[in-house]
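# Structure assessment
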Amino acid sequence: MWIAFCLLLPNNKLPNNKKINTLYIIKMEPFKVIIVEDVALEMKGTKEIFRSEIPEAEIIGSAQNETELWRLLNTNLPDLVLLDIMLPKHDGYYFCTEIRKTSSVPIIFISSASENMNIVMAMNMGADDFIAKPFDTSMLMAKMQALLRRTYDFDGAMPVLE
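Residues numbered from 1 in each chain as written. Predicted model: local features only at pLDDT ≥ 70, side-chain atom pairs only at ≥ 80, totals over all residues. Heavy atoms only, no water.

### Some points on the pattern of salt bridges
Per the stated rule, a full pass over the model turns up eight salt bridges. Residue Glu 42 is joined to Lys 133 by a salt bridge in which the shortest nitrogen-to-oxygen separation is 2.4 Å. Here Glu 42 is found in helix 1 (residues 40–53), whereas its partner Lys 133 is found in the loop between strand 7 (129–132) and helix 5 (137–151), with 91 residues between them in sequence. The class of Lys 133 is buried, set by a relative accessible area of 18%. What emerges from the salt-bridge pattern is a single network uniting Glu 37, Glu 42, Asp 84 and Lys 133. (Salt bridge = Lys/Arg side-chain N within 4 Å of Asp/Glu carboxyl O. Helix = DSSP H or I, 4+ residues; strand = E, 2+ residues; numbered from the N terminus. Buried < 20%, exposed > 50% of the residue type's maximum accessible area, 1.4 Å probe, protein only.)

### Considering the sheet that holds strand 7
Two orientations exist for strands paired in a sheet by backbone hydrogen bonds: parallel and antiparallel. Across the sheet, five strands lie side by side as 4-3-5-6-7; this open sheet has parallel pairing. Of all strands in the sheet, those bounded by a partner on one side alone are strand 4 (57–63) and strand 7. Within the sheet, the average angular offset between the axes of one strand and its neighbour, ignoring direction, is 20°. Pairing of strand 6 (residues 107–111) with strand 7, which is carried by four bridges, proceeds in the parallel orientation. Within strand 7, the position partnered with Phe 109 by the bridge is Phe 130. Along the sheet face, helix 2 (residues 66–75) touches strand 3 (31–36) and strand 4 and points at about 140° away from the line of strand 4. (Pairing = 2+ DSSP bridges. Axes fitted to C-alpha atoms, helices over the stretch in contact; angles between N-to-C directions. Contact = heavy atoms within 4.5 Å.)

### A word on the packing of helix 2 against helix 3 (residues 92–100)
Relative orientation and spacing of two packed helices are given, respectively, by the angle between their axes and the distance between those axes. As a packed pair, helix 2 and helix 3 sit with axes 12 Å apart at the nearest point and diverge in direction by 25°. In terms of axis orientation, helix 2 runs roughly parallel to helix 3. Note on packing geometry: the crossing formed by helix 2 with helix 3 is right-handed. Two secondary-structure elements touch here, helix 2 through Glu 66, Leu 69, Trp 70 and Leu 73 and helix 3 through Tyr 94, Phe 95, Glu 98 and Ile 99. The residue makeup of the contact of helix 2 with helix 3, split by class, is six nonpolar, no polar and two charged. (Parallel < 35°, antiparallel > 145°, perpendicular 65-115°, else oblique. Left-handed = near helix turned anticlockwise from the far one by under 90°. Nonpolar A, V, L, I, M, F, W, Y, C, P; charged D, E, K, R; others polar.)

### Section: the side chain of Asp 129
Along the polypeptide, Asp 129 turns up in strand 7. Polar contacts involving the side chain of Asp 129 include one to the side chain of Lys 143, which spans 3.2 Å. Setting aside chain neighbours within four positions, we find Asp 129 in contact with Ile 107, Ile 108, Phe 109, Met 123 and Lys 143. (Polar contact = N/O pair within 3.5 Å; in protein donor to acceptor, adjacent residues only side chain to side chain.)

### Considering the packing of aromatic side chains
In total, this model carries four aromatic pairs according to the counting rule given. Residues Tyr 93 and Phe 109 carry aromatic rings whose centres are separated by 5.9 Å and whose planes lie at 40° to one another, so their mutual orientation is tilted. On the criterion of sequence distance, the pair formed by Tyr 93 in helix 3 and Phe 109 in strand 6 is long-range, its members being 16 residues apart. For the pair Tyr 93 and Phe 109, one class covers both residues: buried. Ring centres of Tyr 94 and Phe 95 lie 5.5 Å apart, and the angle between their planes is 70°; this geometry places the pair in the edge-to-face category. Classification of Tyr 94 as partly exposed rests on a relative accessible area of 29%. The buried category is assigned to Phe 95, whose relative accessible area is 1%. (Phe/Tyr/Trp six-rings, centres within 6.5 Å; stacked < 30°, edge-to-face > 60°.)

### A closer look at unusual backbone geometry
Of the consecutive residues Lys 133 and Pro 134, the connecting peptide bond is found in the cis state with omega at -10°. Here Pro 134 is to be found in the loop between strand 7 and helix 5. A positive phi is found at Lys 89, a non-glycine position, where the angle reads about 70°. Tracing the chain through its elements places Lys 89 in the loop between strand 5 (80–83) and helix 3.

Here it is, written out as structure tokens:
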């Protein structure tokens, strides 16, 4: 997969009043994802989105409870964690806080509990982003790509249009 982004300057002009339109293309490297979701149908839907829309994403595991999550985190090194808030026993805030004690892996909350307080709480607990359910696939992809681009080194960027 290739990520495209455009370099934009104020008024799209350089200081000498020359117009600029630079498009950068970045090859999306394969990345590993852990999905934490306790609702089987939602888990299945999220996995399908990844398989069909984001083939570079390798779902290295999915967890529906605490035991599965810690097993996955201890045996794999994910590039991204997708985390729901409402989970059995402990909530997503707890898991986010615990993950942050030992890892800076990017975490995106995906939850239907999208009131402002929940979003603020998620970000304060260490989340990198929050997406409300139901979500648009293109929004999920854009936010994931932006987060991965900022977190990991993409030396493959090259201008293709100037």
